[in-house]
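Fold and geometry: a report
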Amino acid sequence: MDHEQDMDLALLGFSPGGDGWRGPQRLGAADAAGLEVKSTDALSPLDRLAALLDDLTTEMREQFELFRKLRATAEKLIDGADEAAAKAARADAKAATDAIALIVRTLEKIDSLQRQLARDRGDAALASGEGEDEDAITAELLRIIEAQAEARAKARLAAWRNATEGSAAAGIGGAIEPASTPDAGSG
């Protein structure tokens, strides 16, 4: 954890001595003021995992460059006159190639984990309601209500027409109320 972050202890009545606060001096003043410095540095487990994956990616990139240089150097020695050195260079080139292949697979796995972490964070944000636009949600809800109302109205109109046509064909002379539907309610 980095305790060298910006803290303005002068706000609490402590003034820095000399050229400002440094390490133990700043932490001692923070303790005297009753501040808990650790809480400002706390990372969530997901943030720690993301930071670890980023660090691993950087480390793997550096290892990749190292083994690529080793392989290039070994390939130059293979064509040399010394048979023993050429044999050792071929072994080094093969080892470097194998290491590069392992690094590539590791980077692919890290990428997969980072993508999954991003998806999980997006799903969590969606589940918690973050990032949702209330106007878009309201518009979608109104569209759904309108579509349902339109479908029910068409169904009732069709039922009413069928009922009136059926009664006219049977010789009953007056209008018949449309068939009631379970969602019509009593009224």
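Use the structure listed above.
The structure reproduced in this document is the subject of the present report. The structure displayed is predicted, hence computed values, not measured ones.

**Quick word on the overall build of the protein**
- Across its full length, the protein carries 5 helices and 0 strands.
- Its helices and strands in sequence order give the protein the pattern α-α-α-α-α, from N to C terminus.
- Every one of the 187 residues in the protein was classed for burial, and the buried ones make up 13%.
- Partitioning the intrachain contacts of the protein with sequence separation of at least 6 by distance along the chain shows that 51% fall at a separation of at least 24.
- Of the accessible surface of the protein, which amounts to about 14,000 Å², a share of 57% is contributed by carbon and sulfur atoms.

**Concerning the nonpolar core**
- The biggest cluster of nonpolar side chains holds 6 residues, and these are L53, M60, F64, I100, I103 and I110.
- Taken together, the elements giving at least two residues each to this core come down to α3 (45-78) and α4 (83-128).
- In this structure L53 touches I110, L113 and Q114, once residues within four positions along its chain are discounted.

**Focus: the pattern of salt bridges**
- Applying the stated criterion across every chain yields a total of 8 salt bridges.
- With its nearest N and O atoms 3.1 Å apart, the salt bridge here joins R61 to E65. Here E65 and R61 lie together in helix α3, a separation of 4 residues that amounts to about one turn.
- For D111, the salt bridge identified is with R115, shortest N-O distance 2.8 Å.

**Some points on a nonpolar patch on the surface**
- A cluster of nonpolar residues, L46, L49, L52 and L56, forms a patch on the protein surface that exposes about 320 Å² of accessible area.
- Secondary-structure assignment places L49 in helix α3.

**Focus on α4**
- Taking 1.5 Å per residue as the helical rise, α4 with its 46 residues ought to reach 68 Å, and the 67 Å between its terminal C-alpha atoms agrees with that figure.
- For α4, every residue scored as buried is listed here: A86, A89, A93, A96, A99, I100, I103, I110 and L117.
- Looking at the packing, one finds that the buried side of α4 touches α3.
- Of the residues one or two after α4, G129 is the one with positive phi, at around 90 degrees.

**Overview of α3**
- Spanning 34 residues, α3 covers 48 Å between terminal C-alpha atoms, matching the ideal 50 Å at 1.5 Å per step.
- Elements in contact with the buried residues of α3: α4.

**Here we look at the packing of α3 against α4**
- Look at α3 against α4: their axes get within 8 Å of each other, and the N-to-C directions meet at 160 degrees. Taken together, the axes of α3 and α4 are roughly antiparallel relative to one another. Along this stretch, α3 crosses α4, giving a crossing that reads as left-handed.

**What about the environment of I100?**
- Structurally, the position occupied by I100 is in helix α4.
- A relative accessible area of 10% places I100 in the buried class.
- Between the C-alpha atoms of I100 and F64, which are 36 residues apart in sequence, the distance is 5.9 Å.
- The contacts of I100, once residues within four sequence positions are left out, are F64, F67, R68 and R71.

Reading the values: rules and limits
Residues numbered from 1 in each chain as written. Predicted model: local features only at pLDDT ≥ 70, side-chain atom pairs only at ≥ 80, totals over all residues. Heavy atoms only, no water. Helix = DSSP H or I, 4+ residues; strand = E, 2+ residues; numbered from the N terminus. Buried < 20%, exposed > 50% of the residue type's maximum accessible area, 1.4 Å probe, protein only. Contact = heavy atoms within 4.5 Å. Areas by Shrake-Rupley, 256 points an atom, 1.4 Å probe, with all protein chains shown as cover. Core = buried A, V, L, I, M, F, W, Y, C linked by side-chain atoms within 4.5 Å. Salt bridge = Lys/Arg side-chain N within 4 Å of Asp/Glu carboxyl O. Patch = residues over 30% accessible without salt bridge, like charges linked within 9 Å, V, L, I, M, F, W, Y side chains within 5 Å. Expected span 1.5 Å × (residues − 1). Axes fitted to C-alpha atoms, helices over the stretch in contact; angles between N-to-C directions. Parallel < 35°, antiparallel > 145°, perpendicular 65-115°, else oblique. Left-handed = near helix turned anticlockwise from the far one by under 90°.

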